[in-house]
Amino acid sequence: MVSGKKSQKIPVWDLPDVPKGELPPHIQLQRTRVSCTFDAPTHTENIQYSGAYGAMGVDNSLRLPEFRNNFKVEVISLSEDDMEFDIIGFDASIANAFRRILIAELPTMAIEKVFIANNTSVIQDEVLSHRLGLVPLKVDPRHFNYMSEKDEPNEKNTIVFKLHARGEKGGARINVKSNELKWLPNGSEFKLSTEKSNQDSTSKPKTYTSFGCSQDSMPEFANNPIATKHGDIILAKLGPKQEIELEAHAVKGMGKTHAKWSPVATAWYRMLPEIVLLEEIVDEKAEELVKKCPVKVFDIEDIGKGRKRATVARPRSCTLCRECIRGDDWEKLVAVRRVKDHFIFTIESTGALPPEVLFTEAVKILEDKCERVISELS
């Protein structure tokens, strides 16, 4: 027997049967949503075990046909450097794998070695070199090879820039900006310091690079010269008669080695917000709810006869501040949730590659990782 309110007894055989093949609404809500209460989010975990709901006749295993039908990628906004898109039907672990690959495993070109011939500015050599390394370069890294310690710098693994700036005598202080980094398609112009003085004067002097051909003769760079992405980055400030002369050599690398090789300024994701009004909120309560939200998620709707009703107008703008459920009884009126398999993904490129290309390259890297695991297990 089951006891209810006022000592009412209900026979067990009179209880409704749990329908086979589908979950009760409250279990389905816990399975698919994160509930954001006043204290903390709840039901944040994903149930991975395939037999978790076996008693109710529900198969929780991941099936490829169902994944194909449910999986979607919807681009919300796209610009030269920024991209926002929705990934639907994904697990959080896969979304996080894409984020980590974008930050740490997509290669770019960045300045690694700096040969300073003269630096009479107030900025130290090592600080100047560090600033140069963080300057984004507008060049497709897929056209270049990685350079190991045993490799010679050549046209397929190294990009050379030169910088020569000088303050005029009696002039004002000047800014040395990244647009003064000039690409040297023929390689280094600095002679090797270890070169013998008795070298044949008719032979070509040996430099720090061994280019077999000019890089601007290659088809990929003929109409697309290599340069810095942003020309207004201040590298140093020079006073009168102060001078900087150097060569900077860029090579291919990954963000997990150093942040200067990371192709994104940031890559992040969040679950899709879901705001549900559990009861109709009207008149003064509606106006109070609109004022409570700092990002204007709610709006007022006129329902006639001078009455107003609150509506959820911009749920994607929700930042989970939970101001709308703070105070007396507001948790009974408004439910703040997150959809577990719907992610809003944002990519901000540093400029080496467009954000949509970065995402497709991240997909290829994840695919290669999966194939490697399968081959190791088989």
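Everything numeric in this text was worked out from a predicted model, so none of it was measured. (Residues numbered from 1 in each chain as written. Predicted model: local features only at pLDDT ≥ 70, side-chain atom pairs only at ≥ 80, totals over all residues. Heavy atoms only, no water.)

Draft legend 1. Looking closely at the overall build of the chain. Check the secondary structure of the chain and you find seven helices and 18 strands. C-alpha extents for the chain along the principal axes are approximately 110 × 60 × 35 Å. Across the 378 residues that make up the chain, the buried fraction comes to 36%. When the accessible surface of the chain is totalled, it reaches about 22,600 Å², and 51% of it is carbon and sulfur. (Helix = DSSP H or I, 4+ residues; strand = E, 2+ residues; numbered from the N terminus. Buried < 20%, exposed > 50% of the residue type's maximum accessible area, 1.4 Å probe, protein only. Areas by Shrake-Rupley, 256 points an atom, 1.4 Å probe, with all protein chains shown as cover.)

Draft legend 2. Broad picture of the pattern of salt bridges. Applying the stated criterion across every chain yields a total of 19 salt bridges. In this structure, arginine 326 and glutamate 323 form a salt bridge, with 3.3 Å as the shortest nitrogen-oxygen distance. You can call arginine 326 partly exposed: its relative accessible area is 28%. Judged by relative accessible area, glutamate 323 falls into the partly exposed class, the value being 32%. Here the salt bridges do not stand alone but share partners, grouping Asp140, Arg142, Glu361 and Lys364 into one network. (Salt bridge = Lys/Arg side-chain N within 4 Å of Asp/Glu carboxyl O.)

Draft legend 3. Spotlight on the sheet that holds strand S9 (residues 159–166). Taking strand neighbours across the sheet as the criterion, the four strands line up as S7-S14-S9-S11 in an open arrangement whose pairing is antiparallel. Each edge of the sheet is formed by a strand with only one pairing partner; in this case those strands are strand S7 (108–119) and strand S11 (182–183). Relative to strand S14 (residues 243–253), S9 runs antiparallel, the two being bridged by eight bridges. For phenylalanine 161, the partnering residue across the bridge sits in S14 and is alanine 248. (Pairing = 2+ DSSP bridges.)

Draft legend 4. Main features of helix H4 (residues 125–133). If you check which residues of H4 are buried, you get Leu128, Leu132 and Gly133. In a view along the axis of H4, the buried residues occupy a sector of 140°, so they form one face of it. Looking at the buried positions of H4, the neighbouring elements they touch are S7, strand S13 (234–238) and S14. (Arc of directions from axis to C-beta. Contact = heavy atoms within 4.5 Å.)

Draft legend 5. How the structure looks around the nonpolar core. Judged by nonpolar contacts, the single largest core of 26 residues is most densely connected at Val139, Ile159, Phe161, Leu163 and Ile226. At the level of elements, S7, H4, S9, S13 and S14 are the ones that each hand at least two residues to this core. Other than its neighbours up to four places away in sequence, leucine 163 contacts Val176, Glu180, Leu181, Leu235, Ile244, Glu245 and Leu246. Judged by nonpolar contacts, the second largest core, of 21 residues, contains Ile87, Phe98, Phe343 and Leu358. (Core = buried A, V, L, I, M, F, W, Y, C linked by side-chain atoms within 4.5 Å.)

Draft legend 6. Quick look at unusual backbone geometry. Of note, the phi angle at lysine 241 is positive, near 70°, even though the residue is not glycine. By the element assignment, lysine 241 lies in the loop between S13 and S14. Accessibility expressed as a relative area gives 54% for lysine 241, which makes it exposed. Positive phi, normally seen in glycine, also occurs at lysine 305, with a value near 60°. Topologically, lysine 305 is positioned in the loop between strand S16 (298–304) and strand S17 (307–312).

Draft legend 7. Broad picture of the side chain of glutamate 247. Along the chain, glutamate 247 falls in strand S14. Of the side chains bearing the opposite charge, lysine 162 lies closest to the buried glutamate 247, which forms no salt bridge; the N-O distance is 8.0 Å. Beyond its immediate chain neighbours, meaning those up to four positions away, glutamate 247 contacts Lys113, Val114, Phe115, Val160, Phe161, Lys162, Leu184, Ser188, Glu189 and Phe190. (Lys, Arg positive; Asp, Glu negative; His and termini not counted.)

Draft legend 8. Molecular detail of the packing of aromatic side chains. In this structure the tally under the stated criterion is 12 aromatic pairs. Consider the rings of phenylalanine 98 and phenylalanine 359, whose centres lie 5.4 Å apart with planes at 50°: the pair is tilted. Residue phenylalanine 98 is located in helix H3 (residues 92–104), and its partner phenylalanine 359 is located in helix H7 (residues 355–377); the two are separated by 261 residues in the primary sequence. One exposure class covers both phenylalanine 98 and phenylalanine 359, and it is buried. With 5.8 Å between their ring centres and 25° between their planes, tyrosine 269 and phenylalanine 345 make a pair best called stacked. With tyrosine 269 in strand S15 (residues 264–277) and phenylalanine 345 in strand S18 (residues 334–349), this pair connects stretches of sequence that are 76 residues apart. Owing to a relative accessible area of 25%, tyrosine 269 belongs among the partly exposed residues under this scheme. Exposure remark for phenylalanine 345: the relative accessible area of 0% places this residue in the buried category. A cation sits over an aromatic face here: lysine 252 above tyrosine 146, 4.8 Å from the ring centre. (Phe/Tyr/Trp six-rings, centres within 6.5 Å; stacked < 30°, edge-to-face > 60°. Lys NZ or Arg CZ within 6 Å of the ring centre and 35° of its normal.)

Draft legend 9. Highlighting the environment of valine 135. Counting through the fold element by element, valine 135 comes out in the loop between H4 and strand S8 (137–138). Not counting residues within four places of it along the chain, the set of residues in contact with valine 135 comprises Ser178, Thr228, Ile233 and Leu235.

Draft legend 10. Up close: the confidence of the model for the chain. Averaged over all residues, the pLDDT of the chain equals 89, while 92% of them reach at least 70. When mean pLDDT is compared element by element in the chain, S14 scores highest at 97, while strand S1 (residues 2–3) scores lowest at 45. Every residue in residues 1–5 is under pLDDT 50, and counting partners more than four places away or in other chains gives 10 contacts. (pLDDT = per-residue confidence, 0-100.)

Draft legend 11. Quick look at the side chain of lysine 229. Topologically, lysine 229 is positioned in the loop between strand S12 (227–228) and S13. Given the relative accessible area of 16%, lysine 229 is considered buried. There is a polar contact of 2.8 Å between the side chain of lysine 229 and the side chain of glutamate 80. Among all residues touching lysine 229, those that are not within four sequence positions of it are Glu80, Asp81, Pro136, Leu137, Lys138, Thr350 and Gly351. (Polar contact = N/O pair within 3.5 Å; in protein donor to acceptor, adjacent residues only side chain to side chain.)

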